[in-house]
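Chain by chain, the residues run as shown.
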Amino acid sequence: MTRSIATIALVVAEYDEAIAFYRDQAGFSVLSDTPMGGGKRWVVVAPPGGTGARLLLARADGAEQRRAIGNQTGGRVMLFLETDDFMRDHAAMLARGVHFLEEPRHEPYGSVAVFEDLYGNKWDLIEPK
C-alpha cells in the first residue's frame, strides 16, 4: 500500500491575493483555479518541479476561520519548502520581495531561513544536508 500527503489546506483571506503571493513572490505554479459556485474556488499551488504536497488555498469561511489566517500553527513554523540550492532560491525569493525573518543559518541538518507568507504564516526554506 502506498500513501502520501498530497494536498494541505491553507486558510487565506482572498484567493487572488494569495495566488499573487505564492505565484509571483514564492515562485510557485498555479496547478488549478476552478470555480465551485457560491464564490468558492478550488485553487491549488505548488513549487515547480516539486514532487511533494501541494497547497489548497482555501478562502476563510466565517469568523473562526478568519481568526486562524496567518496563525494556523500558533506562531510556529508551519511548512517546509525544501530546495536543492538554498542560496539560489533564497536570493530569488528576496529579489521577489519575500520577507525573511532571519539571516540564513547552517545547522547540522542543513541550510535554513524562516520566511513568512503574506498573512504571517511561518515557513522554513531548507536545503537538507
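Every value quoted in this text rests on a predicted model; they were computed, and no experiment measured them.

Draft legend 1. Seen up close, the overall build of the chain. Looking only at helices and strands, the chain has three helices and nine strands in total. When its C-alpha atoms are laid out on the principal axes, the chain stretches across 45 × 35 × 30 Å. Among the 129 residues that make up the chain, the fraction classed as buried is 33%. Long-range pairs, those at least 24 residues apart, make up 52% of the contacts in the chain with a sequence separation of at least 6. Within the chain, one finds 14 positive and 18 negative side-chain charges whose respective centroids are separated by 6 Å.

Draft legend 2. Representation of the side chain of Ser32. Along the chain, Ser32 falls in strand β2 (residues 29–37). For Ser32, the side chain forms a polar contact with the side chain of Thr34, separated by 3.2 Å. A polar atom in the side chain of Ser32 sits 3.3 Å from the backbone oxygen of Trp42. Setting aside chain neighbours within four positions, we find Ser32 in contact with Trp42, Val43 and Val44.

Draft legend 3. Seen up close, the UniProt feature "domain: VOC" (unreviewed entry) in the chain. Within the UniProt annotation, "domain: VOC" (unreviewed entry) is assigned to residues 4–128. Split by type, residues 4–128 is 22% helix and 42% strand. Its first and last C-alpha atoms lie 20 Å apart.

Rules of the game
Residues numbered from 1 in each chain as written. Predicted model: local features only at pLDDT ≥ 70, side-chain atom pairs only at ≥ 80, totals over all residues. Heavy atoms only, no water. Helix = DSSP H or I, 4+ residues; strand = E, 2+ residues; numbered from the N terminus. Buried < 20%, exposed > 50% of the residue type's maximum accessible area, 1.4 Å probe, protein only. Contact = heavy atoms within 4.5 Å. Lys, Arg positive; Asp, Glu negative; His and termini not counted. Charge placed at Lys NZ, Arg CZ, Asp CG, Glu CD. Polar contact = N/O pair within 3.5 Å; in protein donor to acceptor, adjacent residues only side chain to side chain. UniProt positions renumbered as here; feature names shortened; annotations may be inferred.

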